[in-house]
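Coordinates in review
One letter stands for each residue in the lines below.
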Protein chains: 2
Amino acid sequence: MRIFVDAMGGDFAPQAPVEGSIEALRRYENIEIVLAGDLKQVEPLLKDCDDVRGRITLVDAPEVITNHESPVMGVRSKKNSATVIGMLQLKEKLADGFVSAGSTGAVLAGGMFRLGRIHGVERPALAPLLPNGKGHFLLIDCGANVDCKPEYLQQFGVMGAAYMKGVMGIEEPRVGLINIGAESEKGNALVKETFPLMEKAPYNFIGNVEARDITADQADVLVCDGFTGNVVMKFMEGVAGTLMGIIKKEMMADLRGKIAGLIAKPAFRRVKKMMDYTEVGGAPLLGVQGNVVKAHGSSNAHAFACAIGQVIRMADGHVVEVIEQGVAATQE
Amino acid sequence: MRIFVDAMGGDFAPQAPVEGSIEALRRYENIEIVLAGDLKQVEPLLKDCDDVRGRITLVDAPEVITNHESPVMGVRSKKNSATVIGMLQLKEKLADGFVSAGSTGAVLAGGMFRLGRIHGVERPALAPLLPNGKGHFLLIDCGANVDCKPEYLQQFGVMGAAYMKGVMGIEEPRVGLINIGAESEKGNALVKETFPLMEKAPYNFIGNVEARDITADQADVLVCDGFTGNVVMKFMEGVAGTLMGIIKKEMMADLRGKIAGLIAKPAFRRVKKMMDYTEVGGAPLLGVQGNVVKAHGSSNAHAFACAIGQVIRMADGHVVEVIEQGVAATQE
């Protein structure tokens, strides 16, 4: 299996992607990695990996599509960027997976216009795994599609269920629709129209899930438009951070609390790790004709290795094929 | 000043509203309270309040609009409900404020169809105060309007700013728009069209606020459609609960943590109190021709007294008049 890694994407590139690739090669013996980037920067980082060096192919990709330019223009004009080269390699079946921590917009645009959608898929979607204290749920979409039609949301359910089955091994993933009430008649125009479509879709639709239950482990896949999903994903980070800050402040307010804080340090460290969504790798871009994972911009080497593991499991779980079959079933 | 209280609304009615009214009468010497409900149930609760009994008027309102019926049908047919009688008393200036912990839909429908909108207001909105660790921000709308037009959101800013100035005493409230990015060109169709309208509105518009910064004290008023707002409000409750549950579980996992948990109990109690949004009273319904507060369904007597205090401050702060002037200014 060949995984294509964008060595220039993310806050700690090229170190983090290169070191993460080396970690992944040591962890997964049956893979090869294509490292694409500015080779002047990438090559010097490969001096201490003789054990896996033979399984690394270098591709010169000196151009970078940054967060500050139009993603669509970027993938159109920067043909020597890792994003464009990688998406074309996926399309030509020269690679089995693609990982980047670069511009989200560029990964989306590259997926749409260079790789292409799965037959029948209306809109690819970004779907991070988020923690709920017991495990993880897949949130789809988290920002690729800020204005949605009911049919898109119905398909997000197909895509999310395919991922949770193929990658996470859940036999019949529970698919829920994020809404403002549990009753079927609740919601804005979009979700009201979506509900009956999801009821007849070929997956285990469990109905509406209110926002207070998003982290209550009611569903494995939570479907929403990309605006709502982006708010949910980022608000989760914000509330958790604010709450931890308040707890810290209140504990530091008196001697009692200070002592307790010192004693409880290992417990708090475990909590932090559990809430850390970079631990699970990145967000898969579902609905495109290949296995694409968008790693968090702040990914370190370990997070990169996790994202590479994730894209391997997507390939092993035949997520693309399962989505294609599922989408066809919704259109019968 | 006369405050009309729905004695039959909420999970702990009639005890909580009646006892909360008595508490408020003792706290605020210049008010009278109209208690409306099933008098067979209400009167027996008044035996230990001779000190304030003279400032209580009873109104027989045996009908109740429940959460399980159509709010619009309810306010149309149940003329002997506290909601309908109260809204009409507000309209006739027989009361200066209205507090209910009953059906949110009934309060909205009563406000719209029995009391009426402020001249120029497109859509009244529900606007809870939520904690951010430093103080509170007003979230508008949290569910009254699940499908919005840009003009509604522009007006929500007027309404929210009027409340934060009149009730919370903030001279120039910072008004933000909840969005998926900080840049002005970000967002779905609704917020993209709303941004320029808010830029020229007669309040201190500070631009987009990403969801991770909702609790970062960047704005005093956060504007969004009612679907997004409902998700934000309920998700905040859900994430906080889940996170506190994880912390508890991790602390109970070993002896160290258990000891720390015991020592830190007072600190955790302060955190819980700080995150408890029932402490601030209820959510004002802004944009109607009177001072209306929807108290939380689970309000106890103390929460009711707080909600009554809140509606008094709305009257004192002339929130209705300030909204009317502000809305007129957006239409010039």
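See the structure printed just above.
Quick look at the structure, then. (Residues numbered from 1 in each chain as written. Chains lettered and ligands numbered in written order. Predicted model: local features only at pLDDT ≥ 70, side-chain atom pairs only at ≥ 80, totals over all residues. Heavy atoms only, no water.)

1. Considering the overall build of chain A
For clarity, the cut-off: Strands here mean DSSP runs of E at least two residues long; helices mean DSSP runs of H or I at least four residues long; both are numbered from the N terminus. For the radius of gyration, the atoms used are the C-alpha atoms, and the globule rule reads 2.2 Å times the number of residues raised to 0.38. A 1.4 Å probe rolled over the protein chains alone gives each residue an accessible area, and that area as a share of the maximum for its type sets the label: buried under 20%, exposed over 50%, partly exposed in between. In what follows, residue pairs with any heavy atoms lying within 4.5 Å of each other are defined as contacts. Computed with a 1.4 Å probe, the accessible areas rest on the Shrake-Rupley method; for each residue, only the protein chains presented here act as cover. Only four residue types enter the tally: Lys and Arg on the positive side, Asp and Glu on the negative side, with His and both chain ends excluded. To locate a charge, the coordinates of NZ of Lys, CZ of Arg, CG of Asp or CD of Glu are taken.
For chain A, the helix and strand inventory stands at 12 helices and 12 strands. Whereas a compact globule of 332 residues would reach a radius of gyration of roughly 20 Å, chain A reaches 21 Å, a difference of no more than 12%. Here chain A holds 332 residues, and 59% of them are scored as buried. Partitioning the intrachain contacts of chain A with sequence separation of at least 6 by distance along the chain shows that 70% fall at a separation of at least 24. Carbon together with sulfur atoms contributes 51% to the accessible area of chain A, which is approximately 13300 Å² in total. For chain A, the distance from the average site of its 35 positive side-chain charges to the average site of its 40 negative ones is 5 Å.

2. What about the pattern of salt bridges?
Side chains bearing opposite charge may pair, as long as their charged atoms lie close to each other. Inclusion rule: The salt bridge definition used is simple: a Lys or Arg side-chain nitrogen within 4 Å of an Asp or Glu carboxyl oxygen.
Inspection of the entire model under this criterion finds 26 salt bridges over all chains. When the shortest N-O distance is used, the salt bridge between Lys165 of chain A and Glu171 of chain A registers 3.5 Å. One salt bridge connects Arg174 of chain B with Asp220 of chain B, and the closest N-O pair in it is separated by 3.0 Å. Taken together, the residues Arg174 of chain B in strand 8 (residues 174-179) and Asp220 of chain B in the loop between strand 9 (204-210) and strand 10 (221-223) connect sequence positions 46 residues apart. By sharing partners, the salt bridges in this structure join Glu210 and Arg212 of chain A together with Lys234 and Glu237 of chain B into a single network.

3. Comments concerning the packing of helix 8 (residues 226-251) of chain A against helix 10 (residues 265-275) of chain B
Threshold: Lines fitted to C-alpha atoms define the axes here, with helix axes fitted over just the stretch in contact, and angles between the N-to-C directions of these axes take values from 0 to 180 degrees. An angle below 35 degrees is treated as roughly parallel, one above 145 as roughly antiparallel, one from 65 to 115 as roughly perpendicular, and anything else as oblique. Crossing chirality is assigned from the near helix's rotation relative to the far helix, an anticlockwise turn below a right angle marking it left-handed and a clockwise turn marking it right-handed. Polar here means any residue outside two lists: the nonpolar Ala, Val, Leu, Ile, Met, Phe, Trp, Tyr, Cys and Pro, and the charged Asp, Glu, Lys and Arg; Gly therefore counts as polar.
Taken N-terminus to C-terminus, the directions of helix 8 of chain A and helix 10 of chain B make an angle of 140 degrees; their axes are 9 Å apart at the nearest point. By the angle class used here, helix 8 of chain A and helix 10 of chain B are oblique. In this structure, the crossing between helix 8 of chain A and helix 10 of chain B has a hand that is right-handed. Contact with helix 8 of chain A, carried on its side by Leu243, Ile246, Ile247, Glu250 and Met251 of chain A, involves Ala267, Phe268, Arg270, Val271, Met274 and Met275 of chain B of helix 10 of chain B and no other residues of that element. For the contact of helix 8 of chain A with helix 10 of chain B, the residue count by class is nine nonpolar, no polar and two charged.

4. Observations regarding the state of the cysteines
Covalently bonding the sulfur atom of one cysteine to the sulfur atom of another cysteine gives a disulfide. All names here are of chain A. This is how it is decided: Throughout, disulfides are identified as pairs of cysteine sulfur atoms within 2.5 Å of each other.
Applying the stated rule across the entire model yields zero disulfides over all chains. Here Cys142 is not disulfide-linked; the sulfur of Cys224 is the nearest cysteine sulfur, at 8.6 Å. Cys224 takes part in no disulfide bond, and the closest cysteine sulfur to it belongs to Cys148, at a distance of 8.3 Å. The class of Cys224 is buried, set by a relative accessible area of 3%.

5. Some words on the side chain of Asp225 of chain A
For the record, the criterion: As used in this structure description, the phrase polar contact means that two N or O atoms lie within 3.5 Å; if the pair is within protein, one of them must be able to donate a hydrogen and the other to accept it, and residues adjacent in sequence are counted only when both atoms belong to side chains.
Along the chain, Asp225 of chain A falls in the loop between strand 10 (221-223) and helix 8. Among buried Asp, Glu, Lys and Arg side chains, Asp225 of chain A stands out as unpaired, with Lys192 of chain B the closest opposite charge at 12 Å. One polar contact links Asp225 of chain A to Thr228 of chain A, side chain to side chain, over a distance of 2.7 Å.

6. A word on the pairing of strand 2 (residues 32-37) of chain A
Residue and element names in this part refer to chain A. Rules: Two strands make a pair as long as DSSP finds a minimum of two bridges between them. Here a crossover is taken to be right-handed if, once the strands point away from the viewer, the path from the first strand over the helix to the second is traced clockwise.
A large share of strand 2 lies buried, amounting to five of its six residues. Alignment of strand 1 (residues 2-6) against strand 2, held across five bridges, turns out to be parallel. What sits directly across from Arg2, in strand 2, is Glu32. Read from strand 1 through helix 1 (residues 15-27) to strand 2, the crossover connection turns out right-handed. For strand 2 and strand 3 (residues 56-60), the ladder comprises five bridges, and the chain directions are parallel.

7. Points about the interface of chain B and chain A
Condition: By buried area we mean the combined loss of accessible area, with a 1.4 Å probe, across both parts when two parts are placed together.
Counting residues at the interface gives 51 residues for chain B, matched by 51 residues for chain A. Carbon and sulfur atoms make up 71% of the area that chain B and chain A hide from each other, which totals about 4800 Å². Connecting chain B to chain A are eight salt bridges. Across the pair Glu237 of chain A and Arg212 of chain B runs a salt bridge whose closest N-O atoms are separated by 3.3 Å. For the pair chain B and chain A, the number of links is 16 residue pairs in polar contact (both at pLDDT 80 or more). In terms of residues, the side of chain B that touches chain A owes the most to one element, helix 8 (residues 226-251) of chain B, which gives 20 residues. Residue composition of the side of chain B that touches chain A, by class: 31 nonpolar, 10 polar and 10 charged.

8. Here we look at the packing of aromatic side chains
What counts is decided by this rule: Two rings from Phe, Tyr or Trp (for Trp, the six-membered ring) form a pair when their centres are within 6.5 Å of each other. A pair whose planes differ by under 30 degrees is stacked, one over 60 is edge-to-face, and the rest are tilted.
On inspection of all chains with the given rule, the structure shows five aromatic pairs over all chains. Ring centres 6.4 Å apart and planes at 45 degrees place the aromatic pair Phe235 of chain A and Phe235 of chain B in the tilted group. Remark: Phe235 of chain B occurs in helix 8 and Phe235 of chain A occurs in helix 8; the pair is interchain, linking two chains. On the accessibility criterion, Phe235 of chain A (0% relative accessible area) is buried. Between the aromatic rings of Phe195 of chain B and Phe205 of chain B, the centroid separation amounts to 5.2 Å while the plane-to-plane angle is 70 degrees, which identifies the pairing as edge-to-face.

9. Overview of the nonpolar core
Which entries qualify depends on this criterion: Here, nonpolar core refers to any group of buried Ala, Val, Leu, Ile, Met, Phe, Trp, Tyr and Cys residues whose side-chain atoms link them within 4.5 Å.
With 230 residues, the main nonpolar core has Leu139 and Leu286 of chain A together with Leu139 and Leu286 of chain B as its most contacted residues. Aside from chain neighbours lying at most four places away, what touches Leu139 of chain B is Leu126, Ala127, Pro128, Leu130, Ile178, Leu222, Cys224, Gly229, Val232 and Met233 of chain B.

10. Notes on the pairing of strand 12 (residues 292-295) of chain A
Residues in a regular strand project their side chains so that they alternate between the two faces of the sheet. Residue and element names in this part refer to chain A. Here strand 12 shows two buried faces, one formed by Val292 and Lys294 and the other by Val293 and Ala295. Two elements, strand 4 (residues 97-100) and strand 12, share three bridges in a ladder whose sense is parallel. By the bridge assignment for strand 12, Val99 is matched with Val293. Where strand 11 (residues 282-286) meets strand 12, four bridges bridge the pair, whose relative direction is antiparallel. Counted as the bridge partner of Gly282 is Ala295 from strand 12.

11. What to know about helix 10 of chain B
Heads up, the rule is: Note that the arc is defined by the directions from the helix axis to the C-beta atoms.
Within helix 10 of chain B, burial applies to Ala267, Phe268, Val271 and Met275 of chain B. In a view along the axis of helix 10 of chain B, the buried residues occupy a sector of 95 degrees, so they form one face of it. Of the residues in helix 10 of chain B, the exposed ones pointing more than 90 degrees away from the buried face are Arg269 and Lys273 of chain B. For helix 10 of chain B, the secondary structure elements touched by its buried residues are helix 8 and helix 10 (265-275) of chain A together with strand 6 (129-131) and helix 8 of chain B.

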